[in-house]
Amino acid sequence: MSVESPCLKVCTLDRDTRTCTACRRTLEEIGGWSRMSDAEKRRVLDRIAAETC
């Protein structure tokens, strides 16, 4: 099973951190999501989870 996108479809960019305030991904992560391997996607999700704890 492929790793699903964390996109919440309410994108709002934080200009200072250049991340989406909804899903917490960077612009580079959002743009490259469809080309990432499942392992890369999991690393992004792990980073997001670590930052929100």
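All of the points below concern the structure found in this document.

### Focus: the overall build of the protein chain
(1) Moving on: Helices and strands together make up the secondary structure of the protein chain, namely two helices and two strands.
(2) Moving on: When the helices and strands of the protein chain are placed in sequence order, the string is β-β-α-α.
(3) Moving on: On C-alpha atoms alone, the protein chain measures out to a radius of gyration of 11 Å, which is about the 10 Å that the 2.2 N^0.38 rule sets for 53 residues.
(4) Moving on: Once the C-alpha set of the protein chain is aligned to its principal axes, its extents read approximately 30 × 25 × 15 Å.
(5) Moving on: The 53 residues of the protein chain split such that 26% are buried.
(6) Moving on: For the protein chain, restricting intrachain contacts to residue pairs at least 6 apart in sequence, the fraction spanning at least 24 positions comes to 29%.
(7) Moving on: Accessible surface computed for the protein chain: about 4,000 Å², of which carbon and sulfur atoms make up 53%.
(8) Moving on: Measuring between centres, the 10 positive side-chain charges of the protein chain sit 4 Å from its 9 negative side-chain charges.

Scoring rules and cut-offs
- Residues numbered from 1 in each chain as written.
- Predicted model: local features only at pLDDT ≥ 70, side-chain atom pairs only at ≥ 80, totals over all residues.
- Heavy atoms only, no water.
- Helix = DSSP H or I, 4+ residues; strand = E, 2+ residues; numbered from the N terminus.
- Rg over C-alpha atoms; globule rule 2.2 N^0.38 Å.
- Buried < 20%, exposed > 50% of the residue type's maximum accessible area, 1.4 Å probe, protein only.
- Contact = heavy atoms within 4.5 Å.
- Areas by Shrake-Rupley, 256 points an atom, 1.4 Å probe, with all protein chains shown as cover.
- Lys, Arg positive; Asp, Glu negative; His and termini not counted.
- Charge placed at Lys NZ, Arg CZ, Asp CG, Glu CD.

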